[in-house]
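# Descriptive analysis of the structure
Spelled out, the chains give:
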Amino acid sequence: RVLFRSGELPASTLKDRVGLVIEALNGPVPAAGAFRLLTPDFQDRPMPDLATAAGQRLVEPLLADVDLVVVDNLSALCRTGNENEGEGWAPIQEWTLGLRRRRKTVLLIHHAGKNKTQRGTSKREDLLDTVITLKHPADYKPSEGLRSEVHFEKTRSLLSSQAKPFEVKLDVDRDGKAIWVCRDLEHVKAQQAEELFAAKMSVRDVADELGISKSTAQRLRAKWKETQCKD
């Protein structure tokens, strides 16, 4: 049972996306009330500010039988305080810890800054079990829609093999249903590197283009050359 709090997207857009996902499910359709959506479009007042005790009290009646709370995103729904200062994070941290004590899972979504890392204080990561970063692939084009590299920056319960980065893309099958396509990121990078080396790019340029180290690019070129010799 999910409470999805969105502070940005229009309700019509969220409704379309949820419908697309439900239509693609192979199993039973979720029961009525299993997914609850709270957006600014449904309110006659501003969305509750989760960085304040008053805002948290307003949301409390919706949490009684919820298993997962999604906060999308921190900047829109936690507006009080300076996001660059750790003290401003304290009220939200206490709120999420309270939910954890009640056996509820919280998913916090946050924007990246211009330097591609999370905006504001890193203190918000201290008590998190898992931190995931989404990045556009080096060859990403906006026309592709949702296609991202998924990187695990912090894990408390996953084994190293389970925390390997991968690429995910939201696609549509022949019947117009949404499908998730996942690929091992190492394999994707190797394929991209082969194409770039075939185009006579240098190791340094390939490393810059794919966002990998020069030693990794060197290793990929060696593997590519080995394949060329076999061919």
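Figured I'd write up the structure that's included with this text.

How each quantity is defined
- In every chain, residue numbers begin from 1 and rise along the written sequence.
- Where totals are concerned, whole chains, interfaces and linings use all residues; where local detail is concerned, this predicted model gives features only for residues with pLDDT of at least 70, and gives and counts side-chain atom pairs only at 80 or more.
- With hydrogens and water excluded, all non-hydrogen atoms of the structure serve as input to the side-chain values.
- By the criteria applied, helices consist of DSSP H or I runs no shorter than four residues and strands consist of E runs no shorter than two, each listed in order from the N terminus.
- For each residue, the accessible area found with a 1.4 Å probe, counting protein chains only, is set against the maximum for its type, and the residue is called buried under 20%, exposed over 50%, and partly exposed in between.
- Every residue pair with non-hydrogen atoms within 4.5 Å of one another is taken to be in contact.
- Areas reported as accessible are Shrake-Rupley estimates using a 1.4 Å probe. Residue values count occlusion only from the protein chains shown.
- Within 6.5 Å between ring centres, the rings of Phe, Tyr and Trp (the latter by its six-membered ring) count as paired, and their orientation is classed by plane angle as stacked under 30 degrees, edge-to-face over 60, tilted in between.
- Either the NZ atom of lysine or the CZ atom of arginine qualifies as a charge over a ring when it sits within 6 Å of the ring centre and within 35 degrees of the ring normal.
- Paired strands are those between which DSSP finds at least two bridges.
- In this description, a line fitted to the C-alpha atoms serves as the axis of each element, helices being fitted only across the stretch in contact, and the angle between N-to-C directions of two axes falls anywhere from 0 to 180 degrees.
- For each structure, a 1 Å grid was placed over the protein atoms alone; sets of points admitting a 1.4 Å probe that cannot get out are labelled cavities, open sets with protein on both sides within 12 Å along at least five of seven lines are labelled pockets, and lining residues have an atom within 4 Å of a point.
- Grid points are joined across faces, edges and corners, and a volume is the space filled by probe spheres set on the points.
- Under the grouping applied here, Gly and all other residues not named as nonpolar or charged are polar, the nonpolar ones being Ala, Val, Leu, Ile, Met, Phe, Trp, Tyr, Cys and Pro and the charged ones Asp, Glu, Lys and Arg.
- Salt bridges are defined as contacts in which a side-chain nitrogen from Lys or Arg sits within 4 Å of a carboxyl oxygen from Asp or Glu.

### Some remarks on the overall build of the protein
Check the secondary structure of the protein and you find seven helices and eight strands. Here the C-alpha coordinates of the protein stretch approximately 65 × 45 × 30 Å along the principal axes. Counting the 231 residues in the protein, one finds 30% classified as buried. Restricting to contacts in the protein with at least 6 residues of sequence separation, those with at least 24 account for 55%. Carbon and sulfur atoms provide 53% of the accessible area of the protein, an area that totals close to 14,800 Å².

### What about the packing of aromatic side chains?
In this structure the tally under the stated criterion is two aromatic pairs. Each ring, one from Phe4 and one from Phe35, has its centre 6.0 Å from the other, and the planes form 35 degrees; the classification is tilted. Residue Phe4 is located in strand S1 (residues 2-6), and its partner Phe35 is located in strand S2 (residues 35-38); the two are separated by 31 residues in the primary sequence. For Phe35, a relative accessible area of 37% corresponds to the partly exposed category. Sitting over the face of the ring of Trp89, Arg124 holds its NZ or CZ atom 5.4 Å from the ring centroid.

### Points about the sheet that holds S2
In spatial order, the strands read S2-S1-S3-S4; together these four strands make up an open sheet with parallel pairing. With partners counted over all chains shown, the strands left at the sheet margins are S2 and strand S4 (105-109), one partner each. Along the sheet, successive strands turn relative to each other by an average axial angle of 15 degrees, direction set aside. Note: S1 against strand S3 (residues 68-72), five bridges, orientation parallel. The residue of S3 that forms the bridge with Leu3 is Val69.

### Examining the sheet that holds strand S8 (residues 178-184)
Strands in a sheet are paired, the pairing made by backbone hydrogen bonds, and the direction either parallel or antiparallel. The strand order S5-S6-S7-S8 describes an open sheet built from four strands, whose pairing is antiparallel. Since the sheet does not close on itself, it has two edges, and those belong to strand S5 (130-135) and S8, each with one partner. Neighbour-to-neighbour, the strand axes of the sheet open up by a mean angle of 30 degrees, direction not taken into account. Across four bridges, the pairing between strand S6 (residues 147-155) and strand S7 (residues 166-172) is antiparallel. Note that in S7 the partner of Arg147 across the bridge is Lys169. Packing against the sheet, helix H5 (residues 185-198) makes contact with S6, S7 and S8, and its axis sits at approximately 75 degrees to S8.

### A closer look at the pairing of S7
Where S7 lies against S8, seven bridges are found, and the strand directions are antiparallel. Of the residues in S8, the one forming a bridge with Lys169 is Val181. Counting the residues that bridge the hairpin from S7 to S8 gives five residues, and of these Gly176 lies at a positive phi of roughly 80 degrees.

### Let's talk about the layout of surface pockets
Taken as a whole, the second largest pocket encloses approximately 200 Å³ of empty space. Taken together, Pro165, Leu185, Glu186, Lys189, Ala190, Ile212, Ser213, Thr216, Arg219, Leu220 and Lys223 form the lining of the second largest pocket. Split by residue class, the lining of the second largest pocket holds five nonpolar, two polar and four charged.

### What to know about the pattern of salt bridges
Enumeration according to the criterion identifies 12 salt bridges in this entry. For Glu144, the salt bridge goes to Arg147, with nearest N and O atoms at 3.0 Å. Overall, the relative accessible area of 24% leaves Glu144 in the partly exposed class. The network of salt bridges with common partners includes Asp139, Glu144, Arg147, Glu167 and Arg183.

### Considering unusual backbone geometry
Look at the link from Asp72 to Asn73: it is a cis peptide, with omega at 10 degrees. Here Arg103, not a glycine, exhibits a phi torsion of approximately 65 degrees, which is positive. Secondary-structure assignment places Arg103 in the loop between helix H4 (90-101) and S4. One non-glycine residue, Lys200, lies in positive phi territory at about 70 degrees. Counting through the fold element by element, Lys200 comes out in the loop between H5 and helix H6 (203-210).

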